Amino acid sequence: MALNQAEIDRLRTAAVGDLQNFVDGDWRNSSGGSEIEVISPCSGQQIGTIIDSSEADVLAAIAAARRSFAAGHWSRMAPQRRKAILFRLAELIDRDALELAVLGVRDNGTEISMAFAAEPGSAATTFRFYAEALDKLNGDITPTGPEVLSLIHREPVGVVGAIVPWNFPLMIGAWKVAPALAAGNSVILKPSEAASLTLLKLAELAAEAGVPAGVFNVVTGQGATAGRTIGLSHDVDVLTFTGSGNVGRHLLRYAADSNFKAIHLELGGKSPNIVFDDCGNIEEVARLSARAIFANSGQVCVAGSRLLVQESIREPFLEALVKAADATVVGDPLRLESQVGAIGTKAQLDKNIRAVEQARAAGDTVITGGEQITGDGYFFRPTVIAAKSEDSPVVREEVFGPVLSVQSFRDEDEAVRLANDTPYGLASGVWTQNISRAHRMVGRLEAGVVHVNCYGGADITAPLVGTKQSGNGFDRSLSAFEKYQKRKTAWIRIS
Ligand code: NAD
């Protein structure tokens, strides 16, 4: 569907109001009565409020999820019916796609062209993918002697907790909620306090599609209260998380302090984008490398935030890269001409500013950008920083903003050494026309995905895997279904 500016403009001022939690099939106010202001990064202005859930609010939602699971209206529903409801949900997401996309942009500032495809577009695809899969994954019969029949049943785990970040909330939320629901679980989802609006709307659409009351609950609020309560609950069987490593560590502790719930962590990255001198068209690779870091203002977990360029082409490559960075149109994310939108929050804007200050203090050279774009809202110029050394903070620490560090290398071994010299292991990119080198690099890079002669764009069929400190799990792909199922053996003596 082609996006239409007039339609976007019609939706951009729609009232948001004071939003409640969605629990047990209904909207619920907080027992404690606290709320959080929703500040739009596009304007810096408040556009509504969400509930700052108390422990009691979250426990009530978990109890509703547990009751619905035990009642079996969803967990024991015939798979064909469950499938039909999830297909209907995908249709409703498509029906309201522009409304969802604009609402999400007002909440987190992603440029509308990207938000439309990556948020409702990808969420609808994800619900369809897992709906299609749910009656195609069989249990097993294991090879035993003739006196025994050994069956392995696949069952839903029970109550799934999901905690997600503010970048791409609908896409990442769907990566977790769709397979969890498809497998027959009940779900309690906590969006980021910085971007909850589209996930509250998803709860409304799920109810409209026919997901029974209590099966899909959304509670908003701060991580330290609402997220922690989910993490420490004895009634949550599996917790799936996307966000920062610091919070991931808390969740592992909560599991140890409660019921040993499985914790699936999808965390941050500092992903190398490696350009060899045989990359082909330097201008084009530079343009795509700029896109790999500056799209959504770098607020992409897999962003190619560390450029490693072969020394022999460093100068022409940087020239083309800076040209692409400077030509990037940054502005109102709800204008179609904006290629890059806003920084998600004021705190994140300040983090970008600090990262540049820190780089200067470390002796790095800011080649372009490095400053806030003043005016309404939170905007930051695409920034390229030549690192003085591999120990520079801009090389080592995730900024999660439009800030690219640049290093160079002499040969393949040095490229591999620099690329892998990081605690993270989420994504990477390699640009080379040498097919043998491309395959070698796929084997040598420590990352969950190696993009070759492109950067980004993987779809629901392929897993997004975090290795090293980028996580212990993955979202997407058919295999993700297994995160939300448990196996049970029936060992039956038959003679
Ligand atoms: P964050 O870790 O600050 O917050 C993520 C979620 O955790 C939020 O909902 C927050 O409220 C909650 N939370 C915070 N403290 C908590 C606590 N003590 N207990 C339980 N929950 C708590 O991350 P963010 O700033 O929202 O997102 C940015 C981070 O997410 C970056 O590191 C980015 O790389 C990462 N990310 C990773 C992926 C991936 O697929 N690997 C995708 C997107 C973003």
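Residues numbered from 1 in each chain as written. Predicted model: local features only at pLDDT ≥ 70, side-chain atom pairs only at ≥ 80, totals over all residues. Heavy atoms only, no water.

Draft legend 1. Layout of the site of the ligand. Near the ligand there are 29 residues, and of these V164, E193, S244, L267 and E398 occur at the shortest range. Between W166 and the ligand, the recorded distance is 3.0 Å, taken from a side-chain N or O atom to an oxygen atom. The contact in question runs from an oxygen atom of the ligand to an N or O atom on the side chain of S244, over 2.6 Å. Protein burial of the ligand: of its 860 Å² of free accessible surface, 89% is covered by the chains. Breaking the shell around the ligand down by element, the ones donating at least two residues are α8 (223-232), β11 (238-242) and α9 (245-257). Here the element with the most residues in the shell around the ligand is α9; it accounts for four residues. (Near = heavy atom within 4 Å. Polar contact = N/O pair within 3.5 Å; in protein donor to acceptor, adjacent residues only side chain to side chain. Areas by Shrake-Rupley, 256 points an atom, 1.4 Å probe, with all protein chains shown as cover. Helix = DSSP H or I, 4+ residues; strand = E, 2+ residues; numbered from the N terminus.)

Draft legend 2. View of helix α10 (residues 282-294). The end-to-end C-alpha separation of α10 is 18 Å, in line with the 18 Å expected for 13 residues at 1.5 Å each. For α10, the full list of buried residues reads V285, A286, S289, A290, A292, I293 and F294. The secondary structure elements touched by the buried residues of α10 are β13 (272-275), α11 (314-327), β18 (383-386), β19 (403-409) and β21 (427-431). For α10, the side-chain oxygen to backbone nitrogen distance between the N-cap and E283 is 3.1 Å, and the N-cap itself is N281. Of the residues flanking the end of α10, it is N296, one or two places downstream, whose phi is positive at about 50 degrees. (Expected span 1.5 Å × (residues − 1). Buried < 20%, exposed > 50% of the residue type's maximum accessible area, 1.4 Å probe, protein only. Contact = heavy atoms within 4.5 Å.)

Draft legend 3. The arrangement of α11 in detail. Over its 14 residues, α11 extends 20 Å from the first C-alpha to the last, a length consistent with the 20 Å expected when each residue adds 1.5 Å. Of all the positions in α11, only R314, F317, L318, A320, L321, V322, A324 and A325 are classed as buried. Looking at the buried side of α11, the elements it contacts are β13, α10, β14 (306-310), β15 (365-368), β18 and β19.

Draft legend 4. How the structure looks around the sheet that holds strand β1 (residues 17-18). As summarised here, the arrangement of the three strands in space is β1-β5-β4, forming an open sheet in which the pairing is mixed. The outermost strands of the open sheet, each flanked by one partner alone, are β1 and β4 (35-39). Here β1 pairs with strand β5 (residues 46-51) via two bridges, running parallel. Of the residues in β5, the one forming a bridge with D18 is T49. (Pairing = 2+ DSSP bridges.)

Draft legend 5. Examining the domain arrangement of the protein more closely. The domain boundaries assigned to the protein delineate domain 1 (5-267 + 484-490) and domain 2 (272-468). On a C-alpha basis, the centres of domain 1 and domain 2 stand 30 Å from each other. With 30 residues of domain 1 at the interface, the matching set in domain 2 holds 32 residues. Both faces combined, the contact of domain 1 with domain 2 buries some 2,400 Å², and carbon together with sulfur accounts for 61% of it. Summed over the three residues of domain 1 that lose the most area to domain 2, namely Q5, E111 and W166, the buried surface amounts to 25% of that side. On the surface where domain 1 and domain 2 come into contact, there are two salt bridges. Between R12 and D332 there is a salt bridge; the shortest N-O distance is 2.9 Å. For the pair domain 1 and domain 2, the number of links is eleven residue pairs in polar contact (both at pLDDT 80 or more). Listed by contribution, the elements that provide at least two residues to the side of domain 1 that touches domain 2 are α1 (5-11), α4 (97-108) and α5 (112-133). Here the side of domain 1 that touches domain 2 gets six residues from one element, more than from any other, and that element is α5. (Domains from an automatic or database assignment. Buried area = accessible area lost by both parts, 1.4 Å probe. Salt bridge = Lys/Arg side-chain N within 4 Å of Asp/Glu carboxyl O.)

Draft legend 6. Here's a closer look at the pattern of salt bridges. This structure, assessed with the given rule, holds 39 salt bridges. Here E414 makes a salt bridge to R410, at a shortest N to O gap of 3.6 Å. A residue is classified by how much of its surface remains accessible, and E414, at 16% relative accessible area, is buried. D475 is the partner of K483 in a salt bridge, and the nearest nitrogen-oxygen pair spans 2.9 Å. With respect to burial, K483 and D475 carry one shared label: buried.

Draft legend 7. Spatial organisation of the packing of α4 against helix α7 (residues 197-209). Here α4 crosses α7 at 150 degrees, and the two axes come no closer than 8 Å. Comparing their axes, α7 and α4 come out roughly antiparallel. Contacts between α4 and α7 involve E99, L100, L103, G104 and D107 from the former and L197, T198, K201 and L205 from the latter. For the contact of α4 with α7, a count of residues per class yields four nonpolar, two polar and three charged. (Axes fitted to C-alpha atoms, helices over the stretch in contact; angles between N-to-C directions. Parallel < 35°, antiparallel > 145°, perpendicular 65-115°, else oblique. Nonpolar A, V, L, I, M, F, W, Y, C, P; charged D, E, K, R; others polar.)

Draft legend 8. Looking closely at the pairing of β5. Of all six residues in β5, five are buried; the element is thus mostly enclosed. Two elements, β4 and β5, share five bridges in a ladder whose sense is antiparallel. What sits directly across from E37, in β5, is T49. Joining the antiparallel neighbours β4 and β5 is a turn of six residues, in which G44 adopts a positive phi near 75 degrees.

Draft legend 9. Quick look at the packing of aromatic side chains. Following the criterion strictly, the structure yields five aromatic pairs and no others. Look at W166 and F400: their rings are 5.5 Å apart centre to centre, the planes differ by 75 degrees, and that puts the pair in the edge-to-face class. With W166 in the loop between β8 (159-163) and α6 (169-182) and F400 in the loop between α13 (393-396) and β19, this residue pair connects regions lying 234 residues apart in the sequence. This pair shows no difference in class: W166 is buried, exactly as F400 is. (Phe/Tyr/Trp six-rings, centres within 6.5 Å; stacked < 30°, edge-to-face > 60°.)

Draft legend 10. Expanded view of the packing of helix α2 (residues 55-71) against α8. One way to put it is that α2 packs onto α8 with a least axis distance of 9 Å and a crossing angle of 40 degrees. If you check the angle between α2 and α8, you find them oblique. Remark: the crossing between α2 and α8 carries right-handed chirality. For the pair formed by α2 and α8, the contact residues are E55, V58, L59 and I62 on the first element and T225, A226, T229 and I230 on the second. Taken together, the residues that form the contact of α2 with α8 break down as five nonpolar, two polar and one charged. (Left-handed = near helix turned anticlockwise from the far one by under 90°.)

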